[in-house]
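Chain by chain, the residues:
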Amino acid sequence: MTSTEQLKTYVDTWWSSIQDLLALLEELSEGEWDLPTDLPGWDVRAIASHVAHLEGITAGAPHEQAEVPESPHITSPMGQFTEIGVLTRREAAPESIIDEIRRYTAVRHEQLLASPPEDPAAPAQGVFGAIGWTTGKLLRNRPLDVWLHEQDIRRATGRPGNLDTPGALHTADYLLEGVGFVLAKKAGADPGCTVVVEVEGHAPYAFTVTREGKGIPVIDPANAPTVTLSTDRETYVLLAGGRASADPTKVTITGDTTLGGKIVENLNITP
């Protein structure tokens, strides 16, 4: 697959994930917009507002400003930034937030169709480029963000589903790529240690630790890896996404159970 084709795949996956999110939001009753989610400090309205904010930014909407108060769930500059969209829409009607998402994403989709991105290494436009993101990173991250938040809302409102969509496959594969960092840095595995992660519906992912202490992918893992982790897609995404409803006991650990436990405990790799 060429770089242009890969970027188009990201765009198509984002667009289908947006349609799924919009369909879900339109089902919700007014009271469901106030339900708490897995994300500390955020209810359903906050998640929808966050999506509207970021999609507006990518589509060229005016810059938003808000006084962000200190709060236990805001722990980084990125957290302060994403809170702005939540605060500026706190009193907005659900229909208004849905309309924002629909309008902004339609504009962005038309832009991407009219001028398809070709260079993943090119700086992303606007604020994302200002923080060092490339076009490839932005386009790859948007379907992950949208699908994860669709799932947050589904759990909060008792509407499970959409675990086999393009967004679901994209997100799980994306998050699986981060296990090497967890193995080497967060779990502190020794050089030569190898982990194989088997997530239902995906090819196995394998990583080892180099002599320099870096976690790297392994194409042909050893017949007897140090540890093997096996689980279903939803469980893996909840763990790697740092969601409150994640259940580590749903991961089967074979081999070095101590190391495996450390990996599972530190699997959260989202900002």
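Residues numbered from 1 in each chain as written. Predicted model: local features only at pLDDT ≥ 70, side-chain atom pairs only at ≥ 80, totals over all residues. Heavy atoms only, no water.

**Re the overall build of the chain**
Line of reasoning, step 1. A count of helical and extended segments in the chain gives 10 helices and five strands.
Line of reasoning, step 2. For 271 residues, the compact-globule estimate of 2.2 N^0.38 gives 18 Å, and the chain sits close to it at 19 Å.
Line of reasoning, step 3. Seen through its principal axes, the chain has C-alpha atoms that stretch 55 × 40 × 35 Å.
Line of reasoning, step 4. Taking contacts inside the chain between residues at least 6 apart in sequence as the whole, the part at least 24 apart equals 68%.
Line of reasoning, step 5. Across the chain, 21 positive and 38 negative side-chain charges occur, with their mean positions spaced 3 Å apart. (Helix = DSSP H or I, 4+ residues; strand = E, 2+ residues; numbered from the N terminus. Rg over C-alpha atoms; globule rule 2.2 N^0.38 Å. Contact = heavy atoms within 4.5 Å. Lys, Arg positive; Asp, Glu negative; His and termini not counted. Charge placed at Lys NZ, Arg CZ, Asp CG, Glu CD.)

**Quick look at the packing of aromatic side chains**
Line of reasoning, step 1. Going through the model one piece at a time under the given rule, you end up with two aromatic pairs.
Line of reasoning, step 2. Measuring from centroid to centroid gives 5.7 Å for Trp14 and Trp15, while their planes differ by 50 degrees, and the two rings are tilted.
Line of reasoning, step 3. Judged by relative accessible area, which is 25%, Trp15 ranks as partly exposed.
Line of reasoning, step 4. Aromatic pair Phe128 and Trp133: ring centres 5.2 Å apart, planes at 40 degrees, arrangement tilted. Note on accessibility: Phe128 and Trp133 belong to one class, buried.
Line of reasoning, step 5. The side chain of Arg140 reaches across the aromatic face of Tyr174, ending 3.8 Å from its centre. (Phe/Tyr/Trp six-rings, centres within 6.5 Å; stacked < 30°, edge-to-face > 60°. Buried < 20%, exposed > 50% of the residue type's maximum accessible area, 1.4 Å probe, protein only. Lys NZ or Arg CZ within 6 Å of the ring centre and 35° of its normal.)

**Digging into the environment of Trp133**
Line of reasoning, step 1. Looking at the secondary structure, you find Trp133 in the loop between helix H5 (126-130) and helix H6 (135-157).
Line of reasoning, step 2. With relative accessibility at 17%, the residue Trp133 sits in the buried group.
Line of reasoning, step 3. C-alpha of Trp133 to C-alpha of Ala122: the two residues are 11 residues apart in sequence and 8.8 Å apart in space.

**Re H6**
Line of reasoning, step 1. With 23 residues, H6 extends 34 Å between its outermost C-alpha atoms, agreeing within 8% with the 33 Å of an ideal straight helix rising 1.5 Å per residue.
Line of reasoning, step 2. Of all 23 residues in H6, 20 are buried; the element is thus mostly enclosed. (Expected span 1.5 Å × (residues − 1).)

**Some words on the environment of Gly242**
Line of reasoning, step 1. Its place among the elements puts Gly242 in the loop between helix H9 (233-240) and strand E5 (252-255).
Line of reasoning, step 2. Using a relative accessible area of 37% as the deciding quantity, one classes Gly242 as partly exposed.
Line of reasoning, step 3. As a C-alpha pair, Gly242 and Leu267 span 25 residues in sequence and 7.6 Å in three-dimensional space.
Line of reasoning, step 4. The contact partners of Gly242, leaving out residues within four places of it in the chain, are Asn268 and Thr270.

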